[in-house]
Amino acid sequence: METWEELPNVSLVPTNPKAPQAKMSAQDSCLSLIKYLLFVFNLFFFVLGSLIFCFGIWILIDKTSFVSFIWSKALAISGILTMGLALLGCVGALKELRCLLGLYFGILLLLFAMQITLGILISTQRTRLERRVKDIVMETIQRYHAHPEESAAEESWDYVQFQLRCCGWNSPQDWLSNPSLSSNESEMHRVPCSCYNSSASNDSAIFEKLSFPQFSRRGPLARPRHSTDLCLVPANSAIYSEGCARSIQKWLHNNLISIVGICLGVGLLELSFMTLSIFLCRNLDQVYDRLARYL
């Protein structure tokens, strides 16, 4: 309803006290929607980070897990970082704190830049990366079971061989470079049980070795930490003939679309969160100024 008030030396003009509030309502609704979207999405990732952290702790406590001590720490740290970043987004959006929203945007921008840099390095330094991975694997093969108390790399490589159905890096002949795997009673060379192709043989003696949890496809791959037990099979038995370098290349080729899709999805999520956070951060001052002006 319009009201009339008299101004000095000016005729009567209509004023509407509800006009400023009507003008602000659309933008306020948009900012509220962005605020709660950002809060809900970050709440979801906070829960996801909590699950990742709990899974890492469970692996660390569970001594029969196939993932080594190093991988459990990586999962736990990833979960903590995810939880911390999501908490910044939740609190910053819900409480409308520009400092937290700015910090949230900066961390996301840093992560996005690191991922772009990593992708460029992998594509441009592919040959050097493959050579480095080969050196690490060959060193693991040569030092296999040399120090039973340091079995993290060996467990991881056993898991790769067992899951990808391969043996060695280039071929099973790579294991001949490890003198500790040769039999004491003869010159017969042996390879780890993770190289054994159980589907190509019915040898009951070897099958009993493979029935342990560390080499069961139904259970986790694990060798009790600091254990002196070593599962070996003769190199001339039914073992996988293909090296893991070729198997890894096949796996990457078969899963290339999935890997690229996941990377693009993560990048788009980060860009979306950065856009929402910076938009909310930049418009908070304008809303506060208008509110202070019309109150």
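Since we're looking at a predicted model, the values are computed, not measured.

Enquirer: Explanation requested: the confidence of the model for the protein chain in the structure shown.
Expert: Low-pLDDT portions of the prediction should not be read for the details of their coordinates. For the protein chain, the average pLDDT comes to 77, and 70% of its residues sit at 70 or higher. Segment residues 1–15: pLDDT under 50, and 13 contacts once partners within four positions in sequence are set aside and those in other chains are kept. Every residue in residues 211–228 scores below 50 in pLDDT, and together they form 49 contacts with partners more than four places removed in sequence or on other chains.

Enquirer: Before we go on, may I ask you to explain the nonpolar core in this structure?
Expert: A general tendency of soluble globular proteins is for nonpolar side chains to be buried together. With 21 residues, the main nonpolar core has Ile 141, Trp 157, Trp 169, Trp 175, Val 191, Cys 195 and Val 233 as its most contacted residues. Dropping the residues within four chain positions of it, Trp 157 is found in contact with Val 137, Thr 140, Ile 141, Gly 168, Trp 169, Trp 175 and Cys 244. Counting residues in hydrophobic clusters, the runner-up holds 15 residues, among them Leu 85, Ala 93, Leu 280 and Leu 284.

Enquirer: For this particular structure, what's the right way to read the state of the cysteines?
Expert: Covalently bonding the sulfur atom of one cysteine to the sulfur atom of another cysteine gives a disulfide. Summed over all chains, the structure comprises two disulfides. At a sulfur-sulfur separation of 2.0 Å, the disulfide partner of Cys 166 is Cys 244. Between Cys 166 and Cys 244, the S-S dihedral sits near 90°, and the bridge is therefore right-handed. Of this pair, Cys 166 sits in the loop between helix 5 (152–164) and strand 3 (190–192) while Cys 244 sits in helix 7 (residues 244–254), and the two are 78 residues apart along the sequence. For Cys 167, the disulfide goes to Cys 195, at an S-S distance of 2.2 Å. Here the disulfide of Cys 167 and Cys 195 is right-handed, its torsion about the S-S bond being about 85°. Placement of the pair is Cys 167 in the loop between helix 5 and strand 3 and Cys 195 in the loop between strand 3 and helix 6 (204–210), with a sequence separation of 28 residues. A relative accessible area of 0% means that Cys 167 is categorised as buried. Residue class for Cys 195 comes out buried when judged on its relative accessible area of 0%.

Enquirer: Would you mind going over unusual backbone geometry with me for this structure?
Expert: A negative phi angle characterises most non-glycine residues, just as the trans form characterises most peptide bonds. Unusually for a residue other than glycine, Glu 96 sits at a positive phi of about 55°. Here Glu 96 falls in the partly exposed class, since its relative accessible area comes to 26%.

Enquirer: It is not clear to me how the UniProt feature "transmembrane region" (unreviewed entry) in the protein chain should be interpreted in this structure. Could you clarify?
Expert: Within this structure's numbering, the places UniProt gives as "transmembrane region" (unreviewed entry) are residues 36–61, 73–94, 100–122 and 256–280. Annotated as residues 73–94, this span is 100% helix and 0% strand, and its ends, taken at the C-alpha atoms, are 31 Å apart. Helix makes up 100% of residues 256–280 and strand 0%, with an end-to-end C-alpha separation of 36 Å.

Enquirer: Teacher, can you tell me more about the environment of Glu 96 here?
Expert: Looking at the secondary structure, you find Glu 96 in the loop between helix 2 (69–95) and helix 3 (98–124). Here the alpha-carbon distance between Glu 96 and Cys 281, two residues 185 residues apart in the chain, equals 7.8 Å.

Thresholds applied
Residues numbered from 1 in each chain as written. Predicted model: local features only at pLDDT ≥ 70, side-chain atom pairs only at ≥ 80, totals over all residues. Heavy atoms only, no water. pLDDT = per-residue confidence, 0-100. Contact = heavy atoms within 4.5 Å. Core = buried A, V, L, I, M, F, W, Y, C linked by side-chain atoms within 4.5 Å. Buried < 20%, exposed > 50% of the residue type's maximum accessible area, 1.4 Å probe, protein only. Disulfide = S-S within 2.5 Å. Helix = DSSP H or I, 4+ residues; strand = E, 2+ residues; numbered from the N terminus. UniProt positions renumbered as here; feature names shortened; annotations may be inferred.

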